[in-house]
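As a plain string of letters, each chain reads:
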Amino acid sequence: MALLYKSTRGDKNLITASNAILKGIADDGGLYVPTEIPKIDFKLEDALNMSYKELAYEVLKLVLNDFTKDELMACINGAYDEKFDTELIAPLKETSDCGVLELFHGKTIAFKDMALSILPYLLKTAAKKNGEDRHIVILTATSGDTGKAALEGFADVEGTGIIVFFPQDGVSDVQRKQMVTQEGKNTCVVGIKGNFDDCQTAVKKAFTDKELKAELAEKGYVFSSANSINIGRLAPQIVYYFYAYCQMVKAGRLKLGEKLNFVVPTGNFGNILAGCYAREMGLPVNKLVCASNENKVLFDFFTTGEYDAKREFILTSSPSMDILISSNLERLLYHICGDTDLVREKMNALSSEGKYDFDLGSCGFVGEYSSEAEVFETIKSVFEKENYVLDTHTAVAYSAFKKYTAKTGDNTPAVVVSTASPFKFAKDVLSAIDKKYEGLDPFKAVEVLSEVSGTEVPKPIKGIDKRPVLHDICIDRQDIQSFVRNKLV
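Procedures and definitions
- Residues numbered from 1 in each chain as written.
- Predicted model: local features only at pLDDT ≥ 70, side-chain atom pairs only at ≥ 80, totals over all residues.
- Heavy atoms only, no water.
- Pairing = 2+ DSSP bridges.
- Helix = DSSP H or I, 4+ residues; strand = E, 2+ residues; numbered from the N terminus.
- Axes fitted to C-alpha atoms, helices over the stretch in contact; angles between N-to-C directions.
- Contact = heavy atoms within 4.5 Å.
- Buried < 20%, exposed > 50% of the residue type's maximum accessible area, 1.4 Å probe, protein only.
- Phe/Tyr/Trp six-rings, centres within 6.5 Å; stacked < 30°, edge-to-face > 60°.
- Lys NZ or Arg CZ within 6 Å of the ring centre and 35° of its normal.
- 1 Å grid on protein atoms, 1.4 Å probe; cavity = no way out; pocket = protein on both sides within 12 Å on 5 of 7 lines; lining within 4 Å.
- Points joined across faces, edges and corners; volume = space filled by probe spheres on them.
- Nonpolar A, V, L, I, M, F, W, Y, C, P; charged D, E, K, R; others polar.
- Polar contact = N/O pair within 3.5 Å; in protein donor to acceptor, adjacent residues only side chain to side chain.
- Expected span 1.5 Å × (residues − 1).

### A word on the sheet that holds strand E6 (residues 135-141)
- Spatially, five strands are ordered E9-E6-E7-E8-E16 in an open sheet, and the strand pairing comes out parallel. Since the sheet does not close on itself, it has two edges, and those belong to strand E9 (221-224) and strand E16 (473-476), each with one partner. Across the sheet, the axes of successive neighbouring strands diverge by a mean angle of 30°, strand direction being ignored.
- Inspection of the sheet shows strand E8 (residues 187-193) paired to E16 by four bridges, in the parallel sense. By the bridge assignment for E16, Gly-191 is matched with Cys-474.
- Set on the sheet, helix H20 (residues 480-488) makes contact with E6, strand E7 (160-167), E8, E9 and E16; between it and E7 the angle comes to about 155°.

Quick look at the structure:
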């Protein structure tokens, strides 16, 4: 029997996983969640010897179970191939303190590749399964990494187009250059005079604008999303938590069946929520440590139970986490309370008042955060002690891990989830390692970091500063919906 999905906000329509992937977001503005979280039907002992692809199938067949085995395997094989620079796909690096799960070995050297390499295949398969022959328009907001990964995944994919909105002054120089140099006849990249929350809010409004959707339908278009609001983005991320666990056991850092902590640098809450799903499916996870940068709305929420987005928005050295409205938190609220009316009430309060409170109970999450000074000190100390270079986002999590263990005395083995290559943020990483590198041109910093770290510049960004800019549009945040209408209608 197919596992069905429902809206977090009470829409009574139950739909299949493939239909949820196609729609991206529910008609009432809610996010799709499974009516129940399935338990794994394989033994963790058997998973120890599985390849990433094999494990991906065992996990995804449970949460996307209206896909046939042939369909899923075609999607998995198409996604996790030579696009990644290692056959392991998501290797584990060991430090003296913990494991570091490297999720940056794909085409855009960030963790978004783990899901966005497979999403185009899932989406095309879902369209065929559901008889959808309209042109699918991927509408996406990005805080830095989702945009490039989505562009790379959907570029020139037949029957699709993609429009990405990013905060013009809220991403790193390398992130921006990755997006604005993107090739592909069906790609469109737009800078916004605003922050990520502005982009995300406008994109969500476009999804629920009935008039706009009707106009697009007349022209043969239908919206879908590549953000983690789409369950097709979230589900593949569950896999690497199981994979990390298996690697920790194989490395001798953990005994099979023992619990593991995960520390996750968090912005929109999709990555860490996938870890929660893995735990509910049967992975022995103790704590999920939600690591925030100075935009610590999530730390405050897990500490006090109040979510308050009415605060100063801070631009930090970890821009992909510069978010005050974490969309996927809505899914967690639903899974905690099971009450769609209550979730809708809280989301309405967030929209109208900018805040809400919620009884978290014993949800298994803890919050921690790192200041900019702590991030830079962590990069420096880990490099000097371990000869290992962290990017700024991973350093937020590594610092949070050290603070959490110092506060609690929790000595459970831990994995810090590494979400990006340090080369994407080379200027700040070098400044942290040694102040003599301050003021370097961001693209020169990529070359210098290679020399300092003794590692090669990743192929995806070699010579990126010399690539021609193909997208140079910048608009005001209030013009996003009208831009979409003018672009498509």
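Having put the structure on the table, let's press on.
### Side note on the environment of Leu-55
- Note on placement: Leu-55 falls in helix H3 (residues 52-63).
- Under the relative-accessibility criterion, Leu-55 is labelled buried at 1%.
- For the pair Leu-55 and Lys-402, spaced 347 residues apart in sequence, the C-alpha to C-alpha distance is 30 Å.
- Those residues in contact with Leu-55 that lie beyond four places of it in its chain are Phe-42, Ala-47, Met-50, Val-239, Phe-242 and Tyr-243.

### Remarks on the sheet that holds strand E2 (residues 15-16)
- Taken in spatial order, the three strands line up as E2-E1-E3 in an open sheet, and their pairing is antiparallel. Because the sheet does not close on itself, it has two edges, and the strands there are E2 and strand E3 (32-34).
- Strand direction decides the pairing type here: strand E1 (residues 4-7) and E2, joined by two bridges, are antiparallel. When the sheet's bridge partners are listed, Tyr-5 is paired in E2 with Ile-15.

### Focus on the packing of aromatic side chains
- Under the counting rule described, the total for this entry stands at 17 aromatic pairs.
- For the ring pair Tyr-52 and Tyr-243, a centre distance of 4.9 Å and an interplane angle of 85° mean the geometry is edge-to-face. Taken as a pair, Tyr-52 in helix H3 and Tyr-243 in helix H11 (residues 231-250) lie far apart in primary sequence, 191 residues in all. Each member of the pair Tyr-52 and Tyr-243 is classed as buried.
- Through pairs of rings, three or more aromatic residues link up here, namely Phe-269, Phe-301, Phe-302, Tyr-307, Tyr-356 and Phe-365.
- Taking the ring centre of Phe-443 as reference, the NZ or CZ of Lys-177 above it sits at 5.5 Å.
- Above the ring of Tyr-369, the side-chain terminus of Lys-296 is found at 5.1 Å from the ring centroid.

### Quick word on empty space enclosed by the protein
- One pass over the structure, following the stated rule, counts four cavities of 30 Å³ or more.
- Taken together, 25 residues form the lining of the largest cavity, with Phe-111, Lys-112, Gly-267, Asn-268 and Ser-320 sitting closest to its centre.
- Elements with a minimum of two residues in the lining of the largest cavity: strand E10 (260-265) and helix H12 (270-281).
- Looking at which element gives the most residues to the lining of the largest cavity, the answer is H12, with three residues.
- Class assignment for the residues of the lining of the largest cavity results in nine nonpolar, 13 polar and three charged.
- What the second largest cavity holds in volume is close to 50 Å³.
- Per element, the largest residue contribution to the lining of the second largest cavity is three residues, and it comes from H11.
- Among the residues making up the lining of the second largest cavity, the classes are represented as nine nonpolar, no polar and no charged.

### Topic: the side chain of Arg-9
- Mapped onto the elements, Arg-9 comes out in the loop between E1 and E2.
- Taking the relative accessible area as the measure of exposure, Arg-9 reaches 16% and is therefore buried.
- Of note is the side chain of Arg-9, whose polar atom sits 2.8 Å from the side chain of Glu-330.
- Filtering out sequence-adjacent residues up to four positions away, Arg-9 remains in contact with Asp-28, Gly-29, Gly-30, Glu-330, Thr-340, Arg-344 and Met-347.

### Section: H12
- Taking 1.5 Å of rise per residue, the 12 residues of H12 would be expected to cover 16 Å, and the 16 Å separating its terminal C-alpha atoms lies within 8% of that figure.
- Of all the residues in H12, the buried ones are Gly-270, Asn-271, Ile-272, Leu-273, Ala-274, Gly-275, Cys-276, Tyr-277, Ala-278, Arg-279 and Met-281.
- Just downstream of H12 lies Gly-282, where phi reads positive at about 125°.

### Here's the deal with helix H19 (residues 442-453)
- With 12 residues, H19 should reach 16 Å at 1.5 Å per residue; the first-to-last C-alpha distance of 16 Å fits that figure.
- Every buried residue of H19 is accounted for by Pro-442, Phe-443, Ala-445, Val-446, Val-448, Leu-449, Ser-450 and Ser-453.
- Structurally, H19 contributes buried residues whose contacts are with helix H8 (173-180), helix H16 (372-386) and helix H18 (426-433).
- At the N-terminal end of H19, a side-chain oxygen is found 2.9 Å from the backbone nitrogen of Phe-443, two or three residues along, and the residue is Asp-441.
- Once H19 ends, the next one or two residues include Gly-454, with phi positive near 70°.

Any link to function would need more than the numbers given here.
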